[in-house]
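Below, each chain spelled out in residue letters.
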Amino acid sequence: MKTLLFLIFPILTFAQTMEFEIQGHRGSRGLMPENTIPAFKKAIDLGVHTLELDVVISKDKKVVVSHDPFFNPNCTTDPSGKFITKENQGNLYQLTYEEIKKYDVGLRGNKDYPEQQKMAVYKPLLEDMIRESEKYAKSKGVKPLKYNIEIKSEEKEYDISQPKVEEFSDLVYKIIIKQLPPERVTLQSFDYNILKFWHKQIEQKKYKPITLSALIEPFDNNDVKFNLEKLGFKPQIWSPYFAQATEKRVKELHELGIKVIPWTVNKREDMEKVKSVGCDGLITDYPDRAKGL
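Residues numbered from 1 in each chain as written. Predicted model: local features only at pLDDT ≥ 70, side-chain atom pairs only at ≥ 80, totals over all residues. Heavy atoms only, no water.

Draft legend 1. Geometry of helix α8 (residues 247-255). Residues of α8 that are buried include every one of Val 250, Leu 253 and His 254, and no others. For α8, the buried positions fall inside an angular range of 100 degrees around the axis, keeping them on one side. Directly beyond the C-terminal end of α8, a positive phi value near 80 degrees is found at Gly 257. (Buried < 20%, exposed > 50% of the residue type's maximum accessible area, 1.4 Å probe, protein only. Helix = DSSP H or I, 4+ residues; strand = E, 2+ residues; numbered from the N terminus. Arc of directions from axis to C-beta.)

Draft legend 2. Representation of the environment of Gly 24. Its location among the elements puts Gly 24 in strand β1 (residues 21-24). Remark: the alpha-carbon pair of Gly 24 and Ala 39, spanning 15 residues in sequence, is separated by 8.8 Å. Sequence-distant contacts of Gly 24, that is, excluding residues within four places in its chain, are made with Val 48, Thr 50, Leu 51, Glu 52, Thr 284 and Pro 287. (Contact = heavy atoms within 4.5 Å.)

Draft legend 3. Here's a closer look at the pattern of salt bridges. In the structure shown here, the tally under the stated rule is 19 salt bridges. Here Arg 29 makes a salt bridge to Asp 285, at a shortest N to O gap of 3.0 Å. One end of the pair, Arg 29, is in the loop between β1 and α2 (37-45); the other, Asp 285, is in the segment after β9 (281-284), with 256 residues separating them in the sequence. Neither Arg 29 nor Asp 285 differs from the other in exposure class; each is buried. In this structure, Glu 115 and Arg 289 form a salt bridge, with 2.8 Å as the shortest nitrogen-oxygen distance. (Salt bridge = Lys/Arg side-chain N within 4 Å of Asp/Glu carboxyl O.)

What follows is the structure in structure tokens.
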């Protein structure tokens, strides 16, 4: 019995002894244009442990930092200065990166984030984002950052607004491994085909070990067992919508040795709640509001 308790005890308490991790969502979307280098620098200034970002692929097979494979009409102007609308959002997978760079994603601001600073800025390449973030963190004396990279992928969009799983993954992996130690990187996705592929590549030693995080859709079946069976392996991190990170579910995941880092937590009272139920960190648009957690 004593041996059994010894084995279980570290699993139940490992999360509580680790530092509570603050991840800057899309850099610092609430304060700066999302997924841009200024947003990541702002997040670094505000003391995040991890830069959270999304990636898509351009026509010329460049890995672009962008939440969607199209332009957001809330914040984008085209090369002529006209507002992008829902009718002409474009498809980044059909545009070269040189074409993508001509679209501004910051001058208009974003009506959904009134604190967001307006500035001329474009979507960066993943390799440029990592290089600039690393250089900036070093200049500020910040300890090595972590990166939580989401592959934006939907099965129905394969070969339409994105490449298939294998090509998409290989393009992203090559950039990551060229610039960062694998232990500082998490790869997350809502697309379980992506996560299954990365797990297989890591198991077969074709990819170096990188932390995998399962993103959980808020309106899908949130049962832990159901999703683990669907995924087919146990990821290191579980990332649900924050309202679904209940004390019971967090305890269940911790007993499985899985960390829980919910998204996207923007109110201070909600931040305090997800910490109180035992979560290991949180993802937020407002890293400034997470100060002191």
